[in-house]
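What follows is each chain in one-letter form.
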Amino acid sequence: MRWLPLGLSLVLAALLAPTLLARLERAGVVRENYRGLVIPAASGTLIVLGAVLALGPLAAVDELADADTLAPEIGSALVFVIGVAVLGLLDDLLGGRRPAGAAADRTAPRGLRGHARAAARGDFSTGMLKAAGTVGLALYVLSGNGRTAAAYLVGVGVLVLSTNLFNLLDLRPGRAGKVFVAFGIVLTLGSWDTYALRALGLFIGPALVLLPYDLRERAMLGDAGSNVLGAVAGFWLIVALGPTGEAIALGVLALLTLYGEFRSISTLIDQNAILRRLDSFGRRTAPSNALLSQPSEHAGSLGPS
């Protein structure tokens, strides 16, 4: 029964996706991507919607049939993932991103340093509020779990940095989603245990549904989506790894975050033939005159410029 959350949330998200994307487009929640295509934005809300819609029936099955479908960790995961989604959606809607066809705002703060400088001037951007809110949520969901002070802070760091890292990765269609899938495969095979996969299936199912839409440029994750992928990945690490594994994961996440802050992840991928091939797999071929040098609206507000 532990696979039921993944299956049910996947089916519900697949049914909901066309309607949600159409509603986003009609409501004007659209953005111009790196190739100039205007597509529905903030589609990452599908992940939370699919999970929430599946939650009620699953809870009823647990209670009425005395089944064991929802893992003990799902309550904390829901608080963190939904909180991160709200913060990301706030950034998507109020973060000052340029609308389709408008010139890019070169004065908007980008990167952790840019947001920190803006905050020092008293200009608290939605990106900085999102970062502060993510830290607060991580501090809350890991409190009272019997961790030592060091393990508690390491776990908080894993959740926060993972959430932000997927925001940094979301610079091209499907990139964050493919990294999420690869991450899950590696972590599951590495631990040789499917418990974390089953425990977080409530979110993983809708994420799998959304990947082809993002990859084929029919929808854009937005911060509400890329941050949610990172939040789920962070919780996946917490559930699957012990203290030593979490400490190693924190070090890797910190190095990747620093690289993304001071260097271009897209440039790194473009300069490596294997990474470039994997990154472009399944994506529409961009025309030769595509404005690939323009900042992508897939980039999160905490991502590089």
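The paragraphs below set out a description of the structure included in this document. (Residues numbered from 1 in each chain as written. Predicted model: local features only at pLDDT ≥ 70, side-chain atom pairs only at ≥ 80, totals over all residues. Heavy atoms only, no water.)

### Notes on the overall build of the protein
Tallying secondary structure elements over the protein gives 13 helices and two strands in all. Scored against the burial criterion, the 305 residues of the protein give a buried share of 49%. Accessible surface computed for the protein: about 13,900 Å², of which carbon and sulfur atoms make up 66%. (Helix = DSSP H or I, 4+ residues; strand = E, 2+ residues; numbered from the N terminus. Buried < 20%, exposed > 50% of the residue type's maximum accessible area, 1.4 Å probe, protein only. Areas by Shrake-Rupley, 256 points an atom, 1.4 Å probe, with all protein chains shown as cover.)

### As for helix α2 (residues 45–64)
Helix length check: α2 (20 residues) gives 29 Å between terminal C-alpha atoms against 28 Å at 1.5 Å per residue, within 8%. The sharpest bend along α2 measures roughly 30° and falls at L55, with the proline P57 sitting one to four residues further on. Taken from the residues just after α2, D66 is the one with a positive phi, measuring 55°. (Expected span 1.5 Å × (residues − 1). Bend = angle between axes of the 7 residues up to and from the residue.)

### Concerning the nonpolar core
Core analysis: the biggest nonpolar cluster contains 67 residues, and F80, F180, F203 and W236 have the highest contact counts within it. For this core, the element with the highest residue contribution is helix α10 (residues 223–240), accounting for ten residues. For F180, the residues in contact, after removing those within four places along its chain, are F166, I204, A207, L229, V232, A233 and W236. (Core = buried A, V, L, I, M, F, W, Y, C linked by side-chain atoms within 4.5 Å. Contact = heavy atoms within 4.5 Å.)

### As for the pattern of salt bridges
Summed over all chains, the structure comprises six salt bridges. When the shortest N-O distance is used, the salt bridge between R2 and D68 registers 3.0 Å. With a gap of 66 residues between them, R2 in the segment before α1 (4–26) and D68 in the loop between α2 and α3 (74–94) connect regions that are remote in the sequence. A relative accessible area of 45% means that D68 is categorised as partly exposed. R35 is paired through a salt bridge with E217; the nearest N and O atoms lie 3.1 Å apart. Within this pair, whereas R35 is found in the loop between β1 (30–32) and β2 (38–40), its partner E217 is found in the loop between α9 (201–215) and α10, the two being separated by 182 residues in sequence. Overall, the relative accessible area of 22% leaves R35 in the partly exposed class. For E217, a relative accessible area of 3% gives the class buried. Sharing partners across several salt bridges, the network here consists of D91, K130 and D223. (Salt bridge = Lys/Arg side-chain N within 4 Å of Asp/Glu carboxyl O.)

### Describing the environment of L221
With respect to the secondary-structure elements, L221 resides in the loop between α9 and α10. On the basis of relative accessibility, which here comes to 4%, the residue L221 falls in the buried class. Spatially, the C-alpha atom of L221 lies 8.7 Å from that of G174, the residues being 47 residues apart in sequence. Setting aside residues no more than four positions away along its own chain, L221 makes contact with A42, S43, G44, D170, A176, L210, D214, S226 and L229.

### Some words on the packing of α3 against helix α5 (residues 126–141)
Here α3 crosses α5 at 175°, and the two axes come no closer than 9 Å. What the angle tells us is that α3 and α5 run roughly antiparallel. Contact with α3, carried on its side by S76, V79, F80, G83, V84, L87, G88, L90, D91 and L94, involves T126, G127, L129, K130, G133, T134, L137, A138, Y140 and V141 of α5 and no other residues of that element. In terms of residue class, the contact of α3 with α5 is built from eleven nonpolar, seven polar and two charged. (Axes fitted to C-alpha atoms, helices over the stretch in contact; angles between N-to-C directions. Parallel < 35°, antiparallel > 145°, perpendicular 65-115°, else oblique. Nonpolar A, V, L, I, M, F, W, Y, C, P; charged D, E, K, R; others polar.)

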